[in-house]
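Each chain is listed here by its residues.
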Amino acid sequence: MNKETLIEFVKKHRETIALIALLCICYFLFFCSMGNYPLFDADEARYGTISRNMFLSKEYLTMLLNGEFFFDKPPLFFWTEALSCMIFGKATEITLRIPVALSATFGVFMTYFLGKRIASKRYGMICALILATGCEYIILGRTAVIDMLYAVVIATTVFCGLYTLFCSENYKKYFWWLSYIFAGFAVLTKGPVSVLIPALTILISYAVAKREKALKEIFTPLYFIPGLVFFLVLSLPWHIIMYQQYGDFFLRTYFKARHAEYFLSTIQDRSRQPFYYFIPVFFAAFLPWIFSSAAQVVMYFKKSVKNTRSYIEKFNDLQPISQFMVVNFIFFAVAFVCLSCMCIKRPAYILPVMFPAAMMLGKFWFDYTFKDENERAVNISTLVMNFGLIISAAALLVAPMYIKSLQVPEFFAIQIFGLVVIFAFIILNGFAIFKDKKLVHFLSIPLFMIVLSIFFAKAAAPFITNLEQRELMKFAKIAKEHNKNISVWGMPAKYSLVFYGGKDINYTGTIAPYSYDIPSGDYVIIRNIKDNSFDKDYNYEIIEKGKDYILVKNVVCKNIKPDKKTLKNLKRLQFAKKRRHPRV
């Protein structure tokens, strides 16, 4: 094949080649070395345990965790993981993470095709690359937790609804129906509160675009009635079956305790955060694109903020791409405000906002790359980003001086690789700016994040899990080899013990449990700390002593009797725990 034939072939199959390239990028971002590190404690090990229980027991409706009913979340996410385990015949880190990686890939391709339909293939590709290479999107695309699937179904619900403003009349009904279908999936992923963001976004967008005709079009019988049927058929059956089987306990646990608390919670824990919590979280989650996003916001305020009202009033006179920017801003604002109003906030909850953020920033980079616009703003944002990377490199260099746990050979290798990658990236984008290679400038950022993603999977994630979970996983293996149950005293639940130990764990809590809370014959894990109150109440034999934890056996109470007040509090807490989480 000569050069001319090759060029002609590439031109003829340009989109196919671009899609294959995008698929390869998704592989390196989300799939590469996904089994190279164990499940992270807390949510990943917890959800993995539930999915494995579902796969092994063939009970696909009632979810179980550590011998207790789990009604915190609906079952869709766990169904996807159990299906993956069924296909591959076992529950491992890889089979549990595949559904999440596929969800992330679906979100990237959906973004590409939507951008292509609204503006062009180039715009769609830029938006897809921005979304795929955001810091939080990569991390959650590699982690077997609910948030990626939830963000993707929320974004798909919204974008299918919004696309009815841009597609022809012949296709409107199909996109409305798809919006209702994915809304049903959203309810099956995180519960009824999931419809709030899509409903408000679509309603406000239609109010801007259609004015007084908005409600009439939204509730057109051809769109609304079949769509509502799809939504109810998907979202209701599991809820009805659970209520029939468990009655008031399901209502109390699922709706009141686990869903109403998102907006009405009175729980005083670390998940309760101030209203502005998601502002710094978004800055970190949207790295490294947050710098150019900030430049876009500054440019907007300088040039277009005075025209905001006219954009809304003359929405139908705008170009489709400008209309798309308006509805994406509505999506961004609605999602951000709704999430900020929640009482319980966690960093992963901000993920749905990344979709409209990528769509809006894609326009900024598209104009820079292919229209020679925004050059000064992009270059300044890149210089600021490079300065931030230099500070990060310095922090990486001096970290072991202040954190003793990092003073190990493994972290030295991470330092060397991290420094090389950071300075190579700075040199590359500096060259692109100097030589005015705008496409190279843009592509250098996704390339940098792809390298970091592979590095995360092969070195950083194993180092983190080894640092945090090595001793617990070792103790779980010892107990499994000796066919012993494990009790955990004086610390919160560590679900990696359940997953890798293969048995339910007895978590006694942080209050002195006395003899009746530790079953005879159990191996017990306690913290390796000074002034451990466990020593005051029990005699025991040490099996193995680690840096952070101790595995003991033959635990015998010293016959220290608790006072009446302590005993009363213990019984009250035990009763409350059984009422909230009755064991099967």
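Use the structure listed above.
Note that the coordinates shown come from a computational prediction; the quantities given were computed from them, not determined experimentally. Residue numbering note: each chain is counted from 1, following its sequence as written. Only residues with pLDDT of at least 70 are given local features in this predicted model, and only at 80 or more are side-chain atom pairs given and counted; all residues enter the totals for whole chains, interfaces and linings. Side-chain descriptors were evaluated using all non-hydrogen atoms of the structure, hydrogens and water having been removed beforehand.

Draft legend 1. A look at the packing of helix α19 (residues 409–434) against helix α20 (residues 438–481). Between α19 and α20, the shortest axis-to-axis distance is 10 Å and the interhelical angle comes to 175 degrees. Taken together, the axes of α19 and α20 are roughly antiparallel relative to one another. In this structure, α19 uses Glu410, Phe411, Ile414, Phe417, Val421, Ile422, Phe425, Leu428, Asn429, Ala432 and Ile433 to contact α20, whose residues at the interface are Val440, His441, Ser444, Ile445, Leu447, Phe448, Val451, Leu452, Phe455, Ala459, Ala460 and Phe463. All residues other than Ala, Val, Leu, Ile, Met, Phe, Trp, Tyr, Cys, Pro, Asp, Glu, Lys and Arg, Gly among them, are scored as polar; the first ten of these are nonpolar and the last four charged. A class-by-class count of the residues in the contact of α19 with α20 yields 19 nonpolar, three polar and one charged. In this description, a line fitted to the C-alpha atoms serves as the axis of each element, helices being fitted only across the stretch in contact, and the angle between N-to-C directions of two axes falls anywhere from 0 to 180 degrees. Strands are runs of DSSP state E lasting at least two residues, helices are runs of H or I lasting at least four, and both sets are numbered from the N terminus onward. Here is the rule for angles: anything less than 35 degrees is roughly parallel, anything more than 145 is roughly antiparallel, 65 through 115 is roughly perpendicular, and the remaining ranges are oblique. A contact between two residues is defined here by any heavy atoms of the two lying within 4.5 Å.

Draft legend 2. Here's a closer look at empty space enclosed by the protein. Cavity and pocket criteria rest on a 1 Å grid covering protein atoms alone: a 1.4 Å probe that fits but cannot get out defines a cavity, protein on both sides within 12 Å along at least 5 of 7 lines defines an open pocket, and an atom within 4 Å of a point defines a lining residue. Grid points are joined across faces, edges and corners, and a volume is the space filled by probe spheres set on the points. Per the stated rule, a full pass over the model turns up two cavities of 30 Å³ or more. Looking at the second largest cavity, the residues that line it are Ala476, Ala479, Lys480, Lys484, Asn485, Ile486, Gly501, Lys503 and Ile505. With three residues, α20 is the largest single contributor of residues to the lining of the second largest cavity. Split by residue class, the lining of the second largest cavity holds four nonpolar, two polar and three charged.

Draft legend 3. Region of the structure containing the pairing of strand β7 (residues 549–557). Paired strands, as defined in this entry, are two strands with at least two bridges between them according to DSSP. As defined by bridge partners, strand β5 (residues 523–527) adjoins β7 across four bridges and the pair is classed as antiparallel. Along β7, the bridge assignment pairs Arg527 with Tyr549. Bridging between strand β6 (residues 538–545) and β7 involves six bridges; their strand directions are antiparallel. Across the sheet, Glu544 pairs through a bridge with Leu551, a residue of β7.

Draft legend 4. View of the layout of surface pockets. In this structure, the second largest pocket spans a volume of roughly 1,200 Å³. In terms of lining, the second largest pocket is formed by 34 residues, of which the most central are Gln296, Val297, Tyr300, Phe329 and Met360. Contributing elements (two or more residues each) for the lining of the second largest pocket: α13 (278–285), α14 (290–303), α15 (308–313), α16 (320–341) and α17 (354–371). In the lining of the second largest pocket, the residues fall into 24 nonpolar, six polar and four charged.

Draft legend 5. Summary view of the nonpolar core. If you look at the biggest cluster of nonpolar residues, it comprises 173 residues, and the most contacted ones within it are Tyr137, Phe282, Ile350, Phe355, Trp365 and Ile525. Considering each element in turn, this core owes the most residues, 16 residues, to α20. Those residues in contact with Phe355, other than ones at most four positions away along the chain, are Gly107, Met110, Thr111, Leu131, Tyr137, Ala151, Val152, Ala155, Phe159 and Phe331. Trp489, Ile526, Tyr538 and Val552 belong to the second-largest nonpolar core, a separate cluster that totals nine residues. The set of buried Ala, Val, Leu, Ile, Met, Phe, Trp, Tyr and Cys residues whose side-chain atoms join them within 4.5 Å is what this entry labels a nonpolar core. Note on exposure labels: buried denotes an accessible area under 20% of the residue type's maximum, exposed denotes more than 50%, and partly exposed covers the range between, all computed with a 1.4 Å probe on protein chains only.

Draft legend 6. Looking closely at unusual backbone geometry. With an omega of 0 degrees, the peptide bond running from Leu287 to Pro288 counts as cis. Along the chain, Pro288 falls in the loop between α13 and α14. For Asp372, which is not glycine, the phi torsion reads 55 degrees and is therefore positive. Assignment of secondary structure puts Asp372 in the loop between α17 and α18 (375–402). Given the relative accessible area of 56%, Asp372 is considered exposed. Positive phi is not limited to glycine here, since Asn483 has a value of about 55 degrees. Note that Asn483 resides in the loop between α20 and β3 (486–488). Asn483 sits in the exposed class, given a relative accessible area of 57%.

Draft legend 7. Structural context of the packing of helix α2 (residues 14–31) against helix α6 (residues 121–132). Where α2 contacts α6, the two axes come as close as 11 Å, and the packing angle between them is 5 degrees. The orientation of α2 relative to α6 falls into the category roughly parallel. When α2 is examined against α6, the residues Glu15, Ala18, Leu22, Ile25, Leu29 and Phe30 are found in contact with a partner set consisting of Lys121, Met125, Ala128, Leu129 and Ala132. Taken together, the residues that form the contact of α2 with α6 break down as nine nonpolar, no polar and two charged.

Draft legend 8. Just the pattern of salt bridges, in detail. Salt-bridge detection follows one rule: a side-chain nitrogen of Lys or Arg within 4 Å of a carboxyl oxygen of Asp or Glu. Applying the stated criterion across every chain yields a total of 15 salt bridges. One salt bridge connects Glu217 with Lys172, and the closest N-O pair in it is separated by 2.5 Å. Of this pair, Glu217 sits in helix α11 (residues 214–218) while Lys172 sits in helix α9 (residues 169–190), and the two are 45 residues apart along the sequence. With relative accessibility at 4%, the residue Lys172 sits in the buried group. Members of the salt-bridge network, linked through shared partners, are Asp372, Glu375, Asp436 and Lys438.

Draft legend 9. How the structure looks around the side chain of Thr156. Considering the arrangement of structural elements, one finds Thr156 in helix α8 (residues 146–163). Given the relative accessible area of 3%, Thr156 is considered buried. Sequence-distant contacts of Thr156, that is, excluding residues within four places in its chain, are made with Phe106, Met110 and Phe182.

Draft legend 10. Seen up close, the environment of Asn379. Relative to the helices and strands, Asn379 resides in helix α18. With 54 residues separating them along the chain, Asn379 and Ile433 place their C-alpha atoms 7.0 Å apart. The contact partners of Asn379, leaving out residues within four places of it in the chain, are Tyr368, Ile433 and His441.

Draft legend 11. Looking closely at the packing of aromatic side chains. Two rings from Phe, Tyr or Trp (for Trp, the six-membered ring) form a pair when their centres sit within 6.5 Å of each other. Planes less than 30 degrees apart are called stacked, planes more than 60 degrees apart edge-to-face, and all others tilted. Overall, the coordinates contain 47 aromatic pairs when judged by the stated rule. Measuring from centroid to centroid gives 5.8 Å for Phe30 and Tyr137, while their planes differ by 65 degrees, and the two rings are edge-to-face. Here Phe30, found in helix α2, pairs with Tyr137, found in helix α7 (residues 135–141); they are 107 residues apart in sequence, far enough to count as distant. When its relative accessible area of 0% is taken as the criterion, Phe30 is described as buried. An aromatic cluster is defined as three or more aromatic residues linked by ring pairs; in this entry it consists of Phe69, Phe71, Trp238, Tyr246, Phe249, Phe250 and Tyr254. By definition, being over a ring means that NZ of Lys or CZ of Arg is both within 6 Å of the ring centre and within 35 degrees of the ring normal. Cation over ring: Arg52 sits above Phe499, and NZ or CZ is 4.5 Å from the ring centre. Taking NZ or CZ as reference, Lys190 lies 4.9 Å from the ring centre of Tyr150, over its face.

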